[in-house]
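# Structure assessment
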Amino acid sequence: MHTASVTINQPPQLVITANANPVLICQGDITNLSVSGASTYNWSNGLGNGITVTASPTITTTYTVTGSDTIGCTATTEVTVSVNPTPDISPTSDQTLCHNTQTTAINFTSSVPNTVFNWINNNSSIGLAANGTGDISSFIVTNTGTAPQTSTIIVTPSFTNNGLTCTGQSDTFLIIVNPVPALTMAQTDTVICYGKSVLISVSGAMTYQWSNNLGNNSTILVTPDANSTYSVTGTNQYGCTSSVSASIVVNPVPDVGINPDSIEICDNTTITLVASGANTYLWAGGLGANASITITPHNTTTYVVTGTNQYGCTSSARSKVIVHPLPVVTINPNNSEICLGDTISLVANGAQTYLWSGGLGTNNSLSVSPQVSTTYNVTGTNQWGCTASVSANIIVHPLPNLTISPHNISICYGESTTLTANGAHTYQWSNGSSNQSITVEPLFSTTYYLTGYSIYECVKIDSAQVMVNPKPIIDFIAEPLSGCEPLSVKFINNSDNGTYYWYFGDGNSSNIYSPIHIYNNDGVYTVTLIVKNQYNCSDTLTKFNYITIYPSPIAGFSIFPLITTEDDGRVKILDESYGATSWYYDFGEENEQNDIFTDREPNYIYTNAGNYTIIQIVANEYNCYDTAYNNVIIKPSTMFYIANSFTPNADGLNETFMPLGFNVPIKDYEFRIFDRWGKQLFYTTDLYVGWDGKYKDEFVKQDMYVYSIKVILEDGEHIFRGALYVIY
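Residues numbered from 1 in each chain as written. Predicted model: local features only at pLDDT ≥ 70, side-chain atom pairs only at ≥ 80, totals over all residues. Heavy atoms only, no water.

### As for the packing of aromatic side chains
- Applying the stated criterion across every chain yields a total of 22 aromatic pairs.
- Judged by centre distance (5.5 Å) and plane angle (45 degrees), the rings of Phe-491 and Trp-502 are tilted. Residue Phe-491 is located in strand β44 (residues 487–493), and its partner Trp-502 is located in strand β45 (residues 499–503); the two are separated by eleven residues in the primary sequence. Comparing Phe-491 with Trp-502, the two get one shared label, buried.
- Ring centres of Phe-671 and Phe-682 lie 5.5 Å apart, and the angle between their planes is 75 degrees; this geometry places the pair in the edge-to-face category. With Phe-671 in strand β61 (residues 668–674) and Phe-682 in strand β62 (residues 680–684), this pair connects stretches of sequence that are eleven residues apart. (Phe/Tyr/Trp six-rings, centres within 6.5 Å; stacked < 30°, edge-to-face > 60°. Helix = DSSP H or I, 4+ residues; strand = E, 2+ residues; numbered from the N terminus. Buried < 20%, exposed > 50% of the residue type's maximum accessible area, 1.4 Å probe, protein only.)

### Focus: the state of the cysteines
- Taken as a whole, this structure holds seven disulfides when the rule is applied.
- In this model Cys-266 forms its disulfide with Cys-386; the gap between the sulfur atoms is 1.9 Å. Disulfide Cys-266-Cys-386: the torsion about the S-S bond is -75 degrees, which places it as left-handed. You can see Cys-266 sitting in strand β22 (residues 262–266) and its partner Cys-386 sitting in the loop between β33 (374–381) and β34 (387–397), a full 120 residues away along the chain.
- A sulfur-sulfur separation of 1.7 Å characterises the disulfide bridge that pairs Cys-484 with Cys-624. On the sign convention where negative means left-handed, the S-S torsion of about -85 degrees between Cys-484 and Cys-624 marks this disulfide as left-handed. Here the residue Cys-484 occupies a position in strand β43 (residues 482–484), and Cys-624 occupies one in the loop between β56 (610–619) and β57 (625–635), the gap between them amounting to 140 residues.
- Relative accessible area serves as the criterion here: at 1%, Cys-624 is assigned to the buried category. (Disulfide = S-S within 2.5 Å.)

### Here we look at the sheet that holds β44
- One open sheet accounts for three strands, arranged β42-β44-β47; its pairing is antiparallel. Each having just a single partner strand, β42 (476–479) and β47 (516–519) make up the two edges of the open sheet. When the angles between neighbouring strand axes are averaged without regard to direction, this sheet yields 25 degrees.
- Pairing of β44 with β47, which is carried by four bridges, proceeds in the antiparallel orientation. Bridging across to β47, Ser-488 finds its partner in Ile-518. (Pairing = 2+ DSSP bridges. Axes fitted to C-alpha atoms, helices over the stretch in contact; angles between N-to-C directions.)

Here is the structure:
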């Protein structure tokens with residue numbers, strides 16, 4: 001008989017999880033349903049078998065999903081999607097109104113309770129806000145323009161539940177506001193005098209209707225006997241109306257008169273005419289608006305005045321003024337011009353009798369010699385007793401106020417000066433010139449005479465003196481006249497005593513009698529000397545291109561290399577000079593003639609260690625020189641020896657292992673010994689200490705070892721590694 005045992009393992013319970021995103025939607029929206037925890041799935045409501053599916057429920061719905069794993073175990077779970085209803089809105093009727101009328105209140109309704117209505121208005125000029133929430137109360141519309149104003153109002157319903165707002169289809173309606181006619185009333189007068197007519201017209205509408213049975217024309221003509229008001233109502237093409245009115249006031253006219261109403265006068269006589277019977281007056285011919293006018297007519301004239309009462313009504317009156325002529329009195333000459341001291345005769349004509357002012361008599365003529373400009377008056381009388389006066393102006397011109405500037409002046413020999421006349425109209429100089437100013441260059445002191453004429457030919461004479469002073473004698477020489485830069489030049493002054501102004505041509509100057517000047521830059525220079533004597537007279541001497549400064553070359557070179565050894569003492573010169581045409585080099589070895597070169601860039605080989613100074617001398621085509629120096633270092637040859645084995649066997653030979661160096665300037669040193677497994681057996685920083693083959697006071701066994709030597713020389717760090725054999 002055989003027995004077998006079977007172990008049955010219970011698989012873990014299958015757990016699946018379903019989610020909706022989002023879990024709350026508006027009616028008609030889509031949500032994503034997802035599940036996890038199994039291998040395959042099957043959704044209810046015909047949603048399929050995907051891990052993620054979409055659903056669009058119209059009401060709150062619970063979805064079931066069943067999951068299966070790979071061994072056939074199943075599990076079921078549910079997920080619920082909540083749905084908010086989408087609100088609607090009842091349609092709203094359009095409204096058409098005239099300006100300044102009341103609208104019908106607008107109340108919005110929906111089949112979904114607690115619906116909120118938000119509206120926007122695209123034309124707030126009609127009197128409704130640009131947006132709002134809820135119903136729209138009745139309001140007075142506005143349209144002050146001439147064309148209809150249309151306001152489009154869009155109302156959107158919304159419903160909010162559990163923090164989610166759902167929006168329904170919007171409703172649109174119109175409010176049309178038509179303008180009223182803008183009536184304009186025009187009339188020829190608003191206040192008239194009795195008996196006058198008024199033309200009244202209206203515009204701004206399509207049809208009109210006047211009060212008082214005056215018809216339906218746009219214009220009427222009325223002649224009211226008393227104060228009256230006329231009204232009209234206009235209707236435009238939209239059927240909207242407005243009214244306007246005009247009031248006419250009728251006033252009485254005044255009773256106007258003039259005192260005197262007739263009079264005789266002489267020409268140039270002034271009289272006053274006085275009007276009465278009104279409140280204000282207006283005289284014809286532009287004579288003013290006063291009740292009285294003062295006039296001086298030259299011909300017989302009838303004067304007319306129009307009077308206006310307190311109501312603005314007018315009437316007119318007349319007055320005749322008869323005018324007799326005045327005698328035509330003349331004086332010959334009537335205007336004259338004389339110079340101071342002259343005499344003139346005056347003769348009067350044109351009247352029966354004469355009277356001169358100032359007690360000068362009743363004759364028709366007199367002789368006068370005024371000292372200043374004077375006016376002479378005479379009065380003549382004719383047969384009507386009318387008089388006239390006339391004047392003769394005698395203008396007395398003064399003599400010219402003649403001056404010469406400068407009046408007295410000193411100049412230097414060879415100079416000129418300008419004499420300028422003032423105070424006259426024209427001039428005549430003693431040298432024959434008739435100009436206002438003359439420029440003279442006398443060889444000796446001279447007096448110049450001037451005759452001045454005023455614009456009226458009155459004459460005066462003046463004079464001016466010009467003193468002539470000598471100029472200084474000026475001369476100089478310089479030495480040397482040429483050389484290389486920088487060049488010191490001495491200037492020798494051979495001029496008269498005075499003050500001195502040197503200009504060396506390179507931007508520098510001096511006031512020393514005989515200066516010494518250094519020219520630092522090459523070029524050709526013009527030198528100027530100005531000398532001024534005790535009379536403040538100066539003279540200038542300029543010597544053009546007098547000093548010639550030749551350019552100097554600029555020495556300069558570099559050495560390659562700057563540091564080398566006796567093993568290879570070769571150095572090369574790299575010329576860096578400027579402006580040179582010849583070169584000379586001395587490589588600095590004493591008692592050595594072969595270190596002299598005239599090549600531009602020579603090579604040289606040093607055989608002995610040391611520090612050497614190389615001299616470069618350069619010259620140019622003007623035989624001008626410059627020198628430069630550079631140092632080169634030649635170091636002794638360096639040797640560094642490392643053996644590959646040693647025998648620390650106490651026989652006195654080859655007992656210590658260490659490197660040997662010759663001419664090695666060591667700045668830093670490390671010496672290490674390792675066995676073949678990398679263990680350090682020996683270490684020192686002393687160049688003169690070697691390894692004796694021991695580790696911890698015991699000789700190491702015969703084998704191969706490794707040395708590591710690090711040295712820092714003048715040319716940098718060096719590391720030497722290699723095999724070392726210990727042999728017994």
